Amino acid sequence: MRIAYLINDMYGIGGTVRTVANQAAALSARHEVEIVSVFRHRAEPVLPVPARVRLRPLVDVRGHDDQAAGVDGRPLYEGSERAGLPPLLFPVEDGRASTHSRLTDDRLREYLATTDADVVVGTRPGLNVVIARAAPGRIIKVGQEHLTYEQHSDELRRVMAAEYPNLDAFVTVTEADARTYAARMPLPGVRLLSIPNSVPAPPFTVNGHNTRTIVAAGRLAPSKRHDLLVQAFSMVSEEFPDWTLRIYGRGSRRGALGRLVGSLGLQDRVWLMGPHPRVEEAWAQGAFAAVTSSEEPFGMTIVEAMRSGLPVVSTNCPHGPASIIRDHEDGLLVPNKSAPGIAEGLARLMGDEALRLRMSRAALTDSERFDPANVVRLHEELFFDLAGMGAPSPAVPVLPAPRTEPPVSCRAAVGPDGVTVLSFGPAEQTPGRAGGRVPQLVVLSKPGRRVELVPDSDGRVVVDASRTGEESSDVDGHPGGLVTGVWRVSRVDDGAEEAVRDVEIHQHGFPLAPERTGELSLVIPVRSAKGRLVLHVRRSAHHAEISHVEVADGLITVQGRVLGRRVPDARARLVVRLRTSPQTRREFPSAVAAGGAFTAVISPELVVRGREGDSEKWEMRVVLSDGTEYTVGRHLSGVVGYKKIIEYAPQRVRPARGVGSRVRPYYTVNDRLGLLTAPLAPSLPVERARVRPMGRHGDQLTFEVFLGGAVPEDTSFALEVVRGGGAGQRYPLEALPAHPGRREGRLVGVLPLLEHDDHRGAPVRRTSWQVRLKAGPAGALAKLGAKAVPALTARRWSRGAYVRSVTVSPLDSGDLRITVADVHVVEAVSRRVH
């Protein structure tokens, strides 16, 4: 059969994207499968599309920042005026309607009219409605539900009830949701059934190593209730001091979660890791998984974790977890929306290694029912039955290895010895990939350095920081070997050198125990932001590993262990020295115990004494009484990039006179611990901000800030563009007298429409910037947070029938977002009327 999946954006990441990829991969073994993505926002999908599956985008939305805009600020994608008009075919009641337009209507209608697919499957309510409205009768029309009945608005459900009877089948992911639809939205003549999502077996599973790590993954959204997970972990963290929690994902709750972690003092124990493009690699680094959603249509993350061999502690929320987890056999179901209940479940698994191992084995066995080889039969039976073709044959399909992509061309594995092995073969030859071919050379490079390695006969390259590239010199005093830093990995074939991108990363054996580690020598494989393989080398002959940093009561306390040290040293000290001027240094007592443990208490006031108001970076070293220096950082967990994962609170130093300072511990790009000092901004609450279009054509913006108190004397203010056109530019803000009868301060400034062409004679547009308020003495301005201001919109006539609106809204970081959009008045009024 010819089967097509219709999805909103296959180039993103999320549960629906993974589900569609899994279904398409399994079906493509015996059928022609196509994935039709309404939008394409990047060159290649984040999750690879199976080789036998065709990916067809309908509307290219890349590079739209400088495009003009239509009704409600819709960008004119591909330069089409139709893109600026609201959709008619796609229902406006769907939450994605603001991204759809007459252009997407046109492309969807054209596709459905011309496709040769036998079956077209929709993957969200709006697309199911499009299929029901526009697909010709010769096509079998199947709608899929990836949420639940209760998660849709009343308005959308009314549209679904009116249009879904034109479908041939409607599929939910749980029996419970199918029963809800049968009772509350009867669909006469439509096959209503449930088919669970499928999850392929990962390339590797947990190997039984006790990592003392809890892993959670998913969108950082309100319904996922990661806040309850953090609170629950805080309740048991003191009882289990060697455990950490890693939360993978991006979303609107990132800032709030970071603040919660900070308020609980858990920066060293709860890590917000950001998104991971291959979540199975993250699962394999955990001891067990945690899912704390308040509602879960299915529970893809639960199945993914179980397929990786992790037992799961999950809230017993509607609808999916109870249909997946067998309580007390392969996981634990805990009370929904209950931090104490979640804490009890976490403690149960954290405190019982034998139970974790038993549940791990059960999770691997029980989750096989979700393998694509088992689930694909249900889809095939439905499609064949709707086509009147009877059951598919043979009874047991011959499927390839249940992976959503062909075998990778490079497998990178790093074990507890810190040595990384790159394997380039043998592998199945795949068209368009280097897989199956062993490269002539593997090149490791960083600015000013290059190391060439020859693979062995099996295509293996061993990268050992203590041995590889011994012609190099190590700035940390280690003779030879790869130096600390980021090394890019390339392969050479037939004289041509190209980056290694098609990679699978297996990390096991971490975290390393500092008491059993004598010397720092690690090579950690990671994907760069652009998807290429890089190696983070962490190497030092003398190193002190950080375990805890506390910022409280005007002091910064640093705790850790000097690696390989067995003899105590009562006269050791922690040296904090200026990176630009190493002779400028501050010393703090840091006695080293017999096992290497040390504690140092840093006085921020002493660090900045005589340098108040300066923005500077300071590095740290533990120095023994014999003069031996040890680098200070965090490496043995196998994680890189702490700069983005851990954020410590600053300490404020306020002298009797002059400019104060903020002193904050931070991690460098190489995960070493240092201090940042910066001028202390005046303590001024920003109550509201207003931006209004000014000028003949609204080509200037008047920026007005209202402060919660009087403006201090000798204080300068500015607005700095952080992102968007003109990034890096500063515009002065003038302090004005407060309004009569008020004590609030007022700041005013004028901004041009930054580095954007005037729209005279050109299409209308939508633009936005991220800006930052700065305050302080002239020449030493510091950030002034504004995350508590309300969002405000101002409008004025711009040109002809257009009104220019300007909205200012707060960001979690304390910066502000300014959005300018031109709105066609007639179209806007017409839409509201209809």
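Rules behind the numbers
- Residues numbered from 1 in each chain as written.
- Predicted model: local features only at pLDDT ≥ 70, side-chain atom pairs only at ≥ 80, totals over all residues.
- Heavy atoms only, no water.
- Helix = DSSP H or I, 4+ residues; strand = E, 2+ residues; numbered from the N terminus.
- Contact = heavy atoms within 4.5 Å.
- Areas by Shrake-Rupley, 256 points an atom, 1.4 Å probe, with all protein chains shown as cover.
- Phe/Tyr/Trp six-rings, centres within 6.5 Å; stacked < 30°, edge-to-face > 60°.
- Buried < 20%, exposed > 50% of the residue type's maximum accessible area, 1.4 Å probe, protein only.
- Lys NZ or Arg CZ within 6 Å of the ring centre and 35° of its normal.
- Axes fitted to C-alpha atoms, helices over the stretch in contact; angles between N-to-C directions.
- Parallel < 35°, antiparallel > 145°, perpendicular 65-115°, else oblique.
- Nonpolar A, V, L, I, M, F, W, Y, C, P; charged D, E, K, R; others polar.
- Pairing = 2+ DSSP bridges.
- Expected span 1.5 Å × (residues − 1).
- Polar contact = N/O pair within 3.5 Å; in protein donor to acceptor, adjacent residues only side chain to side chain.
- Core = buried A, V, L, I, M, F, W, Y, C linked by side-chain atoms within 4.5 Å.
- Lys, Arg positive; Asp, Glu negative; His and termini not counted.
- Salt bridge = Lys/Arg side-chain N within 4 Å of Asp/Glu carboxyl O.

### Observations concerning the overall build of the protein
- Helix and strand counts for the protein come out as 16 helices and 43 strands.
- The contacts of the protein with a sequence gap of at least 6 include a subset with a gap of at least 24, amounting to 64%.
- Accessible surface, the protein as shown: approximately 34,800 Å² in total, 49% of it carbon and sulfur.

### Observations concerning the packing of aromatic side chains
- In total, this model carries eight aromatic pairs according to the counting rule given.
- Summarising the aromatic geometry, the rings of Y149 and Y181 are spaced 5.2 Å apart at their centres and angled 90 degrees between planes, so their arrangement reads as edge-to-face. Of this pair, Y149 sits in the loop between β5 (140–144) and α4 (154–163) while Y181 sits in helix α5 (residues 175–184), and the two are 32 residues apart along the sequence. For the residue pair Y149 and Y181, the accessibility class agrees, reading buried in each case.
- A centroid spacing of 5.0 Å and a plane angle of 50 degrees characterise the contact between Y164 and F170, whose relative ring orientation is tilted.
- When its relative accessible area of 0% is taken as the criterion, F170 is described as buried.
- Its guanidinium or amino end placed over the ring of W487, K446 lies 6.0 Å from that ring's centre, counting from NZ or CZ.
- Geometry around F706 places R688 over its ring, the cationic atom sitting 3.8 Å from the centre.

### Side note on the packing of helix α11 (residues 339–350) against helix α12 (residues 353–366)
- Two numbers describe how α11 lies on α12: the axes approach to 6 Å, and their chain directions differ by 95 degrees. By the angle class used here, α11 and α12 are roughly perpendicular. Seen from α11, the contacting residues are R348, L349 and M350; seen from α12, they are L355, R356 and M359.
- Residues that form the contact of α11 with α12 fall into these classes: four nonpolar, no polar and two charged.

### Considering the environment of L606
- The topology assignment puts L606 in helix α14 (residues 604–608).
- By relative accessible area, which is 29% here, L606 ends up partly exposed.
- Sequence spacing of L606 and E587 is 19 residues, and the spatial spacing of their C-alpha atoms is 9.4 Å.

### What to know about the pairing of strand β32 (residues 661–667)
- Burial analysis of β32 places five of its seven residues in the buried class, which makes it a mostly covered element.
- As judged from the three bridges shared by strand β31 (residues 651–653) and β32, these two strands associate in the antiparallel manner. Within β32, the residue paired with R652 across the bridge is R662.
- Across seven bridges, the pairing between β32 and strand β33 (residues 673–679) is antiparallel. In the sheet register, Y666 faces β33, and the bridge partner there is G674.
- Taking the residues between adjacent antiparallel strands as the criterion, β32 and β33 are bridged by five residues, where D671 takes a positive phi near 65 degrees.

### Here we look at the sheet that holds strand β10 (residues 270–274)
- Spatial strand order, β10-β9-β8-β11-β12-β13: six strands in an open sheet with parallel pairing. Looking at strand neighbours, the two that pair on one side only are β10 and β13 (331–334), the edges of this open sheet. Going from strand to strand, the sheet's axes swing by 20 degrees on average, the running direction of each strand aside.
- Summarising the sheet, strand β9 (residues 244–248) and β10 pair through four bridges and their orientation is parallel. Counterpart to L245 in the pairing with β10 is V270.
- Across the sheet, helix α6 (residues 226–236) touches β8 (213–217), β9, β10 and β11 (288–291), and the angle it forms with β9 is around 170 degrees.

### Looking at helix α13 (residues 372–386)
- For α13, spanning 15 residues, the distance from its first C-alpha to its last is 21 Å, which sits close to the expected 21 Å at 1.5 Å a residue.
- Those residues of α13 that fall on the buried side of the exposure criterion are P372, V375, V376, R377, H379, E380, L382, F383 and F384.
- With a side-chain oxygen lying 2.9 Å from the backbone nitrogen of A373, the N-terminal cap of α13 falls on D371.
- Downstream of α13 by one or two residues, G388 has phi in the positive range, about 70 degrees.

### A look at the nonpolar core
- In this structure, I602, V622, L673 and L675 are the most contacted members of the largest nonpolar core, which totals 59 residues.
- Here the element with the most residues in this core is helix α9 (residues 300–307); it accounts for five residues.
- Beyond its immediate sequence surroundings of up to four residues, I602 is in contact with L555, I556, V558, L574, V576, F588, V607, M620 and L675.
- The next biggest cluster of nonpolar side chains, apart from the first, holds 37 residues, and it includes L108, V120, V159 and M185.

### Points about the environment of A347
- Position of A347 among the secondary structure elements: in helix α11.
- Once the C-alpha coordinates of A347 and V236 are considered, the two residues, 111 residues apart in sequence, prove to be 6.6 Å apart.

### Examining the side chain of D330
- Position of D330 relative to the elements: it lies in the loop between α10 (321–324) and β13.
- For the buried D330, which has no salt bridge, the nearest side chain bearing the opposite charge is R326, at an N-O separation of 5.0 Å.
- Side-chain polar atoms of D330 contact the backbone nitrogen of R326, separated by 2.8 Å.
- If sequence neighbours within four positions are ignored, D330 has contacts with M306, P311, V312, I324, I325, M359, A362, A363 and D366.

### A word on unusual backbone geometry
- Along the chain, F510 connects to P511 via a cis peptide bond; the corresponding omega equals 0 degrees.
- Its place among the elements puts P511 in the loop between β21 (503–507) and β22 (520–527).
- Even without a glycine there, the phi angle at R225 is positive, about 50 degrees.
- For R225, the location among the structural elements is in the loop between β8 and α6.
- For D671, which is not glycine, the phi torsion reads 65 degrees and is therefore positive.
- Looking at the element boundaries, D671 is found in the loop between β32 and β33.
- Using a relative accessible area of 0% as the deciding quantity, one classes D671 as buried.

### Description of the pattern of salt bridges
- Inspection of every chain in the model, using the stated rule, returns 41 salt bridges.
- One salt bridge connects R326 with D366, and the closest N-O pair in it is separated by 3.5 Å. Pair noted here: R326 is in the loop between α10 and β13 and D366 is in helix α12, with a separation of 40 residues, a long-range link.
- By relative accessible area, D366 is classed as buried at 13%.

### Description of the pairing of strand β24 (residues 543–552)
- Bridging between β24 and strand β30 (residues 629–633) involves three bridges; their strand directions are parallel. The partner of A544 across the bridge, within β30, is V632.
- Across eight bridges, the pairing between β24 and strand β25 (residues 555–562) is antiparallel. Note on β25: the bridge partner recorded for E550 is T557.
- Here β24 folds back onto β25 in antiparallel fashion, the turn holding two residues, of which D553 has a positive phi close to 55 degrees.

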